[in-house]
Amino acid sequence: MSGLRLAGKTILVNGAATGVGRATARMAAVEGANLALTDLNGEGLELVAQELRSAGAGVVTVVGDSVDGQVPQELVALAESKFGYLNALVNNVGIIILKSLEDTTRDDFDRMMSVNCYSHLAAIQAVVPAMRRAGGGSIVNVASVGALVALPNVSMYCPSKSAVLGLTRAAAAEFSPDIRVNAVCPGGTATEMSRIHLESFDDKEAATKKLTGRQMIARYAQPEEIASVIVFLASDESSFMTGATVAAEGGHSAW
Ligand SMILES: NC(=O)c1ccc[n+]([C@@H]2O[C@H](COP(=O)([O-])OP(=O)(O)OC[C@H]3O[C@@H](n4cnc5c(N)ncnc54)[C@H](O)[C@@H]3O)[C@@H](O)[C@H]2O)c1
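As a convention, each chain's residues are numbered from 1 in the sequence order in which they are written. In keeping with the model being predicted, local features are shown solely for residues with a pLDDT of at least 70 and side-chain atom pairs are shown and tallied solely at 80 or more, while totals for entire chains, interfaces and linings include all residues.

K.L.:
So what's going on with the site of the ligand? Residues and values would help.
P.N.:
To decide whether a residue is near a molecule or strand, its C-beta atom is placed from the backbone and checked for lying within 6 Å of it. The immediate surroundings of the ligand are formed by 29 residues, with G15, G19, G94, T191 and M193 found nearest. Residue assignment for the shell around the ligand shows that the elements contributing at least two residues are helix 1 (19-30), helix 4 (106-133) and helix 6 (192-199). Polar here means any residue other than Ala, Val, Leu, Ile, Met, Phe, Trp, Tyr, Cys and Pro, which are nonpolar, and Asp, Glu, Lys and Arg, which are charged; Gly is therefore polar. Classifying every residue of the shell around the ligand by side-chain character gives 11 nonpolar, 15 polar and 3 charged. Helix numbering and strand numbering both begin at the N terminus, where a helix is a DSSP run of H or I of at least 4 residues and a strand a DSSP run of E of at least 2.

K.L.:
Quick rundown of unusual backbone geometry? Include the residues and the values.
P.N.:
Residue P177 is bonded to the preceding S176 through a cis peptide linkage, with omega at 5°. Tracing the sequence through the fold places P177 in the loop between helix 5 (157-175) and strand 6 (179-186). At N153, a position not held by glycine, the phi torsion is positive, near 70°. For N153, a count of 17 C-beta atoms within 10 Å corresponds to the partly exposed category. For S155, which is not glycine, the phi torsion reads 35° and is therefore positive. Residue position: S155 is located in the loop between strand 5 (137-142) and helix 5. According to the C-beta neighbour criterion, S155 is buried, with 21 such atoms within 10 Å. Buried, partly exposed and exposed are defined by the number of other C-beta atoms within 10 Å of a residue's own C-beta, namely 20 or more, between the two limits, and 12 or fewer respectively, with C-beta atoms placed from the backbone.

K.L.:
Any details on helix 4? Residues and values, ideally.
P.N.:
Multiplying 1.5 Å by the helix residue count minus one yields the expected span of that helix. Between its first and last C-alpha, helix 4 extends 40 Å over 28 residues, near the 40 Å set by a 1.5 Å rise per residue. Consider a residue and the seven residues that end there alongside the seven that start there; fitting an axis to each set, the bend is the angle between those axes. At S114, helix 4 is deflected by roughly 40°, the largest bend along its length. At the exit of helix 4 stands G135, carrying a positive phi of roughly 90°.

K.L.:
Describe the environment of A143, naming the residues involved and giving the relevant values.
P.N.:
Here A143 shows up in the loop between strand 5 and helix 5. When the C-alpha positions of A143 and E51 are compared, they lie 27 Å apart, and in sequence the two are 92 residues distant. Contacts are defined on C-beta atoms placed from the backbone: any two residues whose C-beta positions lie within 7 Å are in contact. Setting aside chain neighbours within four positions, we find A143 in contact with K161, V164, L165, A183, V184 and C185.

K.L.:
Run through the sheet that holds strand 7 (residues 245-248), naming residues and quoting values.
P.N.:
Being paired, for any two strands, means DSSP has found at least two bridges between them. Strand order in the open sheet formed by 7 strands is 3-2-1-4-5-6-7, and the pairing between neighbours is parallel. At either end of the open sheet lies a strand with only one pairing partner, and these are strand 3 (59-63) and strand 7. For this sheet, the mean inter-axis angle between neighbouring strands, taken without regard to orientation, is 15°. Bridge count between strand 1 (residues 10-14) and strand 2 (residues 34-39): 5 bridges; the pairing is parallel. When the sheet's bridge partners are listed, V13 is paired in strand 2 with L37. Contacts from helix 8 (residues 223-234) reach strand 1, strand 4 (88-91), strand 5, strand 6 and strand 7 within the one sheet, and its direction differs from that of strand 6 by about 165°. Helix axes are fitted to C-alpha atoms over the stretch in contact, other axes to C-alpha atoms as well, and angles between N-to-C directions run from 0 to 180 degrees.

K.L.:
Please provide a residue-by-residue account of helix 2 (residues 42-54), values included.
P.N.:
Counting along an α-helix, one turn takes 3.6 residues, and residues three or four places apart therefore face a common direction. Along its 13 residues, helix 2 runs 18 Å from first to last C-alpha, staying within 8% of the 18 Å computed at 1.5 Å per residue. By the burial criterion, the buried members of helix 2 are L45, V48 and L52. Take helix 2 and look down its axis: the buried residues cluster within an arc of 65°, on one side only. When the buried face of helix 2 is taken as reference, the exposed residues oriented beyond 90 degrees from it are E43, Q50 and S54. The inward-facing, buried residues of helix 2 abut helix 1, strand 2 and strand 3. G56 sits one or two residues past helix 2 and shows a positive phi near 105°. Here the arc refers to the directions that run from the helix axis out to each C-beta atom.

K.L.:
An account of the nonpolar core is requested, with residue identities and associated values reported.
P.N.:
For this entry, the nonpolar core is defined as buried Ala, Val, Leu, Ile, Met, Phe, Trp, Tyr and Cys residues connected by C-beta atoms within 7 Å. Core analysis: the largest hydrophobic core is formed by 65 residues, its most contacted members being I11, L12, L35, V127, V184 and I230. Looking at this core, the element that brings in the most residues is helix 4, giving 9 residues. What I230 contacts, discounting residues up to four positions off in sequence, is T24, V90, V140 and V184. Of all hydrophobic cores here, the second largest spans 10 residues; its members include M112, V115, M156 and Y157.

K.L.:
Could you give an account of the pairing of strand 2, naming the residues involved and the relevant values?
P.N.:
Extensive coverage of strand 2 is indicated by the burial of 6 of its 6 residues. Going residue by residue along strand 2, you find N34, A36 and T38 tucked away on one face and L35, L37 and D39 tucked away on the opposite face as well. Convention used here: a crossover is right-handed provided that the path from the first strand, over the helix, to the second strand proceeds clockwise when the strands point away from the viewer. Chirality of the crossover, the property in question, places the unit of strand 2, helix 2 and strand 3 among those that are right-handed.

K.L.:
Explain the confidence of the model for the chain residue by residue, including any values.
P.N.:
A residue's pLDDT is the confidence the predictor assigns to it, expressed on a 0 to 100 scale. When pLDDT is averaged along the chain, the result is 96, and 100% of the positions lie at 70 or above. The secondary structure element of the chain with the lowest average pLDDT is helix 7 (residues 204-213), at 90, and the one with the highest is strand 5, at 99.

Okay, here's the thing in structure tokens:
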């Protein structure tokens, strides 16, 4: 026994080029996993893949838009042919659109729901047959504190992330007991996404205080603090958890 939490497992991470997805891929590699990674950002994805291969991990990649259901299908086929099996999926892809509900167009609505929710469904549909062949698996959907409480300036982000929680519970019910499905709700995390969110406020210092001040732990999380929760849910350490919503938001929703 190696003692590593993901030893011998293959884990698929989408949105793996930056932020929480990159931190998750790095942590999963340290825990002994083979990686199947995808992102729209081909340059960023290749940098992560090179870094992990140099550290000794097995890595396959597909560059593409996760809203295109062919992308996860292609990546699953590649992972199975290279590593033999697929054991875990981290549905991490997500975007924000900086608009009020009043200004949100039908196209904005469709884009938010497609990227933040349909991409997760498409990946689930792609991995489930492979997980059945592997004898089971674990799926982790990255939602947001915005699924639990309202957030300023991001309009449709909150409903799109609430949909991820509904998808998580429905998938848990459909695929239990062999395939577990859980969701993580990160709070404000120091990544490109939170930088873009902050840019939408005139007074960034006041906005930072306002956003993090709603958390009992009043600071931005580091991506690794979210990745460690994701790795726990992907691993067998969480073997009796399914359909759960795990808040990793510094206590934001607990007031
Ligand atoms: N940063 C935060 O404060 C925060 C808070 C709560 C939840 N989250 C969630 O965490 C997840 C990761 O976000 P992050 O903060 O690391 O942001 P990020 O922007 O650094 O990472 C998102 C990654 O997804 C990729 N991506 C976006 N759309 C894509 C698409 N259609 N197809 C393929 N790849 C695509 C991007 O290229 C990027 O690499 C998201 O689901 C986000 O909603 C973030």
